[in-house]
Amino acid sequence: MEKFMKDVKLAECGLSYAVVSIMGPQSSGKSTLLNYLFKTDFKEMDAFKGRSQTTKGIWLAKCVGIEPCTLVMDLEGTDGRERGEDDTAFEKQSALFALAISDIVLINMWCHDIGREQAANKPLLKTVFQVMMRLFSPRKTTLMFVIRDKTRTPLENLEPVLREDIQKIWDSVPKPEAHKGTPLSEFFNVEVVALSSFEEKEEQFKEQVASLRERFFHSIAPGGLAGDRRGVVPASGFSFSAQQIWKIIKENKDLDLPAHKVMVATVRCEEISTEKLASFVANEEWCHIEQAVQTQPISGFGNKLSSILEICLSEYDAEAIYFDDGVRSMKRKHLEEKLLQVVQPAYQSMLGHMRSGTLNKFKEAFDKALNEGEGFSAAAQRCTDSFMAQFDEGCGDASVQQADWDSSKMREKLQRDMDAHVTAVCDTKLSELSSLYEKKLNGALLGPVDALFDGANDDTWPAIKRLLRRETKLAVAGLSLDLASFDIDERNKAKMLESLEDYARGVVESKAKEEAGRVLIHMKDRFTTLFHHDADSMPRVWTGKEDIQAITKMARSASLKLLAIMAAIRLDDKTDHIEKTLAIALVDTKSAKGKISEDPLASSTWEEVPSSETLITPVQCKSLWRQFNTETEYTVTQAIVAQEANNRNNKWLPPPWAVLALVILGFNEFMTLLR
C-alpha cells in the first residue's frame with residue numbers, strides 16, 4: 001500500500017480526497033461497474049467461461065479524471081463458493097473495513113432480489129450494522145444501492161420497497177443503550193440508483209453510468225455525495241490508518257481469532273528458541289572456535305561444531321516437546337536457520353584457511369617437481385589432482401551435519417588459483433626458454449655476420465643466408481624438443497617457433513643496419529687497404545713505375561662493391577641490380593651519358609627491393625659516394641706527390657755509362673788505396 005500511496009501522490013492531497021468502495025454478490029458486475037464509472041482497470045469476469053470468482057481480496061485504485069482525488073476499493077464478492085467455510089468471516093471483515101474507511105459505499109444488488117427475504121447482502125448488512133456500532137464511533141457514510149439489470153418496474157416503485165427492507169434490517173440489529181432509538185439516517189445517507197443490463201442494453205448502461213459519474217465530481221464539497229467529513233484522516237496518514245483499522249478488525253474475537261493452543265505454542269516456542277540462540281552464542285567452546293578460526297584452521301572443526309549445535313537443538317526439543325507439533329517444528333526450523341547464520345562465517349573462514357594452505361603446499365610441490373626434472377605438464381596435472389583431492393577431504397571434515405552448505409565456490413576458486421599459478425610458471429618457463437635460444441642465436445650469428453660484412457664480397461649475402469638457415473634450424477629444433485614437455489597447443493607452439501625464426505632474422509637485419517650506418521668508414525678502410533698494399537698485401541712504395549690511376553680505380557671499384565652489398569638486405573632468394581646501377585651512375589658515367597637520360601640514383605627506392613629491406617637508398621648512395629671521393633682524394637694526391645718526388649731524385653744521378661767508366665778507370669786507384 002505504501003508504494004501505491006507514493007505512486008498516486010496521495011500525501012499531497014491533505015484532506016481533499018474521498019474513498020469509494022463497492023460490495024455485493026459474486027459475479028454481479030462490481031468490477032465492470034467500477035471500470036466504466038471511474039475508468040479503472042480492475043479484472044473483470046469472462047462471461048464465456050462461466051460465473052466464478054474474479055476479484056480475490058481487496059483491491060485499490062485511483063479514479064481517473066475525477067476531482068478531488070478519489071480512491072476506489074473493489075471487494076471480493078460475497079456468497080462465493082471458492083472460500084468455502086472461510087467465506088462468512090472474510091465477508092464480515094472486508095465489509096466492515098470498507099464501511100470504516102469509505103466515504104461512499106456502493107451496494108451492488110440484483111433488481112430481482114428486492115423484496116425477497118433471503119436476498120443477497122441482507123445477512124451481511126445486518127452483521128455490518130451491528131459490529132460497526134460496537135467498534136467505531138458513528139460517522140455518517142453514504143450507502144448507494146446500485147440496482148443492476150433493472151426491469152420494466154419504475155425506480156419510483158422499487159426504491160420504497162428497498163428502503164423498507166434496509167429499515168427492517170436496521171431495526172432488527174441489537175443496539176447499545178446509547179443508540180437504541182437512533183435512526184438509520186444518523187449513521188448513513190441512503191441513495192438508490194438503477195442501471196440497465198450491461199449485457200443486453202450496453203449502450204443504455206454506459207449512458208446511465210456516465211450520468212452517475214457526474215455525481216462523484218466534488219463529492220466532498222458541502223452537499224456532495226460523500227456526506228459528512230467528521231474525523232477524516234489526512235491523506236498522508238491514510239495508509240497507516242487503514243492498516244491499523246484492518247488490524248483491529250482481524251483481531252476482533254467475534255471475527256478472527258487464532259486458537260488458544262496455537263497462540264500459546266507460538267509465543268512460548270519463540271521464547272525457548274530465543275533463549276537457546278542466546279545460550280549458543282555465549283557457549284564457551286563455540287566462542288573459542290569462532291576466535292581461533294579467524295587466524296588458523298581448526299582440527300575437527302565440523303565434528304566439534306555439529307556436536308555443539310546438536311546439544312542446543314536437543315535442549316530446545318526437550319523444553320518444547322508438549323507444544324503444538326506444527327508450531328514447534330516451525331520454530332525449531334527457524335532456530336536452526338538462525339544458528340547456522342551465526343556459524344556460517346566461521347565455516348567460510350575455515351574453508352578460506354584450507355584453500356590458502358592447500359594452494360601454498362601445491363606451489364611448493366609443483367616447484368620442487370620441476371626442479372627435480374619432471375615434465376611440466378605431468379607435474380602440473382599430478383600436483384593439481386593430488387591437492388584438489390586433499391582439499392575435498394578437508395571440506396568433508398569441516399562440514400556441519402545440520403547444514404547443507406556448498407563448498408563448490410571455494411573449490412572453484414582454489415582450482416582457478418592453481419591454474420593461474422601453473423599458467424604464470426608456464427609463461428615464465430617459456431619466456432626463459434625463448435630468451436635462452438635467443439641468446440644462443442645472438443652468439444651464433446653476430447660474430448660470423450660481422451666477419452662476413454668486414455670481408456664483403458659477392459658471396460657475403462649467400463654465406464649469411466646459409467649461416468642464418470643453419471643456426472635457425474638448430475635453434476628451432478632445440479626449442480621444439482624442449483616444448484614437448486609443456487601442454488601447449490600446436491598453434492601456440494608454432495607461434496613461438498615462428499617468433500624465434502623472426503628473432504634470428506631480426507638479429508641479422510639489425511646487424512646489417514648497424515654496419516650500413518658505418519658503410520662510409522668501411523669503404524674508406526677498404527680503399528686505403530687496397531690502395532696502399534699490393535696483391536701480396538705488401539706495402540706499396542711509390543717508385544714512379546706504379547699506375548696510380550689504375551690502382552685508384554681498382555680500389556674505388558672494390559669500395560663501390562662494398563656499398564652495393566650494404567645497400568639492401570638479401571636474405572630471400574631474390575635478385576637485384578643495385579651494383580650495376582651504382583657502377584653505371586657513379587663509375588662509368590662517361591659511357592652511360594648517351595644511354596641514360598635521367599639519373600638512376602635520383603630516387604628513394606631500389607627497383608625490385610621493398611623499402612623494408614632497403615638499408616641505403618639510391619640518393620644516400622650518391623651522397624656517400626661523393627663524400628667518399630672527397631675524403632679519399634687526399635690519399636691519391638699524396639701518392640702522386642710521392643711518386644713525382646721519387647722521379648726528381650732519380651734525375652740528379654749520372655748516366656749509367658758514366659758510372660761504368662768511372663768504375664773501370666778508377667779501379668787501379670781504388671786498389672792502391674786499399675793497399
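This text goes with the structure placed above it.
Treat the numbers as computed from the prediction; the structure is a model and nothing was measured. (Residues numbered from 1 in each chain as written. Predicted model: local features only at pLDDT ≥ 70, side-chain atom pairs only at ≥ 80, totals over all residues. Heavy atoms only, no water.)

Asker: In this structure, what is going on with the overall build of the protein? I would like to understand it.
Answerer: A count of helical and extended segments in the protein gives 22 helices and six strands. Each of the 675 residues in the protein was classed as buried or not, and the buried ones make up 41%. For the protein, restricting intrachain contacts to residue pairs at least 6 apart in sequence, the fraction spanning at least 24 positions comes to 74%. Looking at the protein as shown, the accessible area adds up to about 37,900 Å², and 53% of this sits on carbon and sulfur atoms. (Helix = DSSP H or I, 4+ residues; strand = E, 2+ residues; numbered from the N terminus. Buried < 20%, exposed > 50% of the residue type's maximum accessible area, 1.4 Å probe, protein only. Contact = heavy atoms within 4.5 Å. Areas by Shrake-Rupley, 256 points an atom, 1.4 Å probe, with all protein chains shown as cover.)

Asker: Help me understand the packing of aromatic side chains, please; the structure alone is not making it clear to me.
Answerer: Given two aromatic rings, one states the distance between the centres and the angle between the planes to describe the pair. Here the structure, examined in full by the defined rule, presents 16 aromatic pairs. With a centroid separation of 5.3 Å and 80° between ring planes, the pair formed by Phe97 and Trp246 is classed as edge-to-face. On the criterion of sequence distance, the pair formed by Phe97 in helix H3 (residues 87-101) and Trp246 in helix H7 (residues 238-251) is long-range, its members being 149 residues apart. For Trp246, a relative accessible area of 24% corresponds to the partly exposed category. Arranged with centres 5.4 Å apart and planes meeting at 75°, the rings of Phe366 and Phe376 form a pair that is edge-to-face. Placement of the pair is Phe366 in helix H11 (residues 325-371) and Phe376 in helix H12 (residues 376-398), with a sequence separation of ten residues. The same class applies to Phe366 as to Phe376, namely buried. Residue placement shows Lys440 over the ring face of Tyr437; its charged tip is 4.7 Å from the ring centre. (Phe/Tyr/Trp six-rings, centres within 6.5 Å; stacked < 30°, edge-to-face > 60°. Lys NZ or Arg CZ within 6 Å of the ring centre and 35° of its normal.)

Asker: Looking at this structure, I do not really get empty space enclosed by the protein. What am I missing?
Answerer: Rolling a probe over the atoms, with the probe sized like a water molecule, indicates the empty space that remains. Inspection of the entire model under this criterion finds three cavities of 30 Å³ or more. The computed volume of the second largest cavity comes to approximately 80 Å³. Lining the second largest cavity are Ala568, Ile569, Arg570, Asp572, Lys574, Thr575, Asp576, Glu608, Val609 and Glu613. In terms of residue class, the lining of the second largest cavity is made up of three nonpolar, one polar and six charged. (1 Å grid on protein atoms, 1.4 Å probe; cavity = no way out; pocket = protein on both sides within 12 Å on 5 of 7 lines; lining within 4 Å. Points joined across faces, edges and corners; volume = space filled by probe spheres on them. Nonpolar A, V, L, I, M, F, W, Y, C, P; charged D, E, K, R; others polar.)

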